[in-house]
Amino acid sequence: MENLEPVRDFRQISLVASLAKAIWTDHYAPIIGIEQVNYMVERFQSVQAIAQQIEQGYHYYLIVCEEVYAGYFSFRLDSDRLFLSKFYVSADFRGRGLGHLTMDFIATVAKSDNLNIIYLTVNKNNSSSIAIYQKMGFQIKDSICVDIGGGYQMDDYVMEKLLD
């Protein structure tokens with residue numbers, strides 16, 4: 001991995017929104033359907049939504065590999081743990097270790113803020129991501145179903161990783 005680029009300006013926010021549309025359409029349409037993908041991207045990963053999340057304290061980063069934007073992630077530092085809100089890598093860049101290197105960075109951020117738990121939510125039918133998170137040391141801690149409007153729900157597992 002060449003670097004992680006903090007998202008700070010409109011150009012970078014636009015890049016994240018563009019990556020979100022492509023990655024979500026490719027990965028999630030078979031899982032939740034294209035209508036829900038379009039709804040969720042507009043509601044949670046549009047330029048306006050990302051800018052608002054950054055204002056609310058979320059940290060966004062672009063993942064750069066071979067001078068190409070390969071993915072992105074975002075997190076929020078809570079009082080007792082780090083919430084990994086978004087973590088997406090384009091299909092062309094999966095299997096190259098970017099996820100592990102990115103997770104190492106996220107763990108370092110958590111530890112530097114004296115947090116020893118990382119948690120996230122993942123769709124219950126997203127078996128490939130669940131398997132990757134488990135391989136990284138995450139465990140399923142809870143099951144939640146959240147109404148996100150538009151007649152849609154997020155039916156997720158809450159996964160947690162304890163840091164050394």
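Heads up: the structure comes first, above all this text.
Here is what the cut-offs are and how they apply
- Residues numbered from 1 in each chain as written.
- Predicted model: local features only at pLDDT ≥ 70, side-chain atom pairs only at ≥ 80, totals over all residues.
- Heavy atoms only, no water.
- Helix = DSSP H or I, 4+ residues; strand = E, 2+ residues; numbered from the N terminus.
- Rg over C-alpha atoms; globule rule 2.2 N^0.38 Å.
- Areas by Shrake-Rupley, 256 points an atom, 1.4 Å probe, with all protein chains shown as cover.
- Lys, Arg positive; Asp, Glu negative; His and termini not counted.
- Charge placed at Lys NZ, Arg CZ, Asp CG, Glu CD.
- Expected span 1.5 Å × (residues − 1).
- Buried < 20%, exposed > 50% of the residue type's maximum accessible area, 1.4 Å probe, protein only.
- Arc of directions from axis to C-beta.
- Core = buried A, V, L, I, M, F, W, Y, C linked by side-chain atoms within 4.5 Å.
- Contact = heavy atoms within 4.5 Å.
- Pairing = 2+ DSSP bridges.
- Axes fitted to C-alpha atoms, helices over the stretch in contact; angles between N-to-C directions.

Comments concerning the overall build of the protein
- When you go through the protein residue by residue, the secondary structure sums to five helices and seven strands.
- Against the globule reference of 15 Å for 164 residues, the protein gives a C-alpha radius of gyration of 15 Å, in line with a compact fold.
- Projected onto the principal axes, the alpha-carbon positions of the protein cover approximately 40 × 35 × 30 Å.
- Accessible surface for the protein amounts to roughly 8600 Å². Of this, 48% is attributable to carbon and sulfur atoms.
- Each charge sign in the protein was given a centre, from 14 positive and 20 negative side chains, and these centres are 3 Å apart.

Here's the deal with helix α4 (residues 98-112)
- Compared with the 21 Å implied by 1.5 Å per residue over 15 residues, the 21 Å span of α4 between its first and last C-alpha is a close match.
- What α4 keeps buried is the set Leu-98, Gly-99, Thr-102, Met-103, Ile-106, Ala-107, Val-109 and Ala-110. The buried residues of α4 occupy one face: seen down the axis, they fall within an arc of 165°. Those residues of α4 that are exposed and angled more than 90 degrees off the buried face are Thr-108 and Ser-112.
- Taken from the residues just after α4, Asn-114 is the one with a positive phi, measuring 60°.

Some thoughts on the nonpolar core
- Within the largest apolar cluster, 28 residues are counted, with the highest numbers of intra-cluster contacts made by Leu-82, Leu-84, Met-103 and Ile-118.
- Taken together, the elements giving at least two residues each to this core come down to β2 (59-65), β3 (68-77), β4 (82-89), α4, β5 (117-123) and α5 (127-135).
- Per-element accounting of this core gives the leading share, six residues, to α4.
- Setting aside its immediate chain neighbours within four residues, Leu-84 contacts Ser-74, Phe-75, Met-103, Ile-106, Ile-118, Tyr-119 and Leu-120.
- In this structure, Tyr-28, Ile-50, Tyr-60 and Tyr-72 belong to the second largest nonpolar core, which totals 22 residues.

Topic: the sheet that holds strand β7 (residues 152-162)
- One open sheet accounts for seven strands, arranged β1-β2-β3-β4-β5-β7-β6; its pairing is mixed. Two strands in the sheet have a free side with no partner beyond their single neighbour: β1 (3-6) and β6 (139-149). Taking each pair of neighbouring strands and ignoring which way they run, the sheet shows an average axis angle of 30°.
- Relative to β5, β4 runs parallel, the two being bridged by two bridges. Pairing of Leu-82 across the sheet is with Ile-118, part of β5.
- Against the sheet, helix α2 (residues 34-44) touches β2, β4, β6 and β7, its axis set at about 90° to β6.

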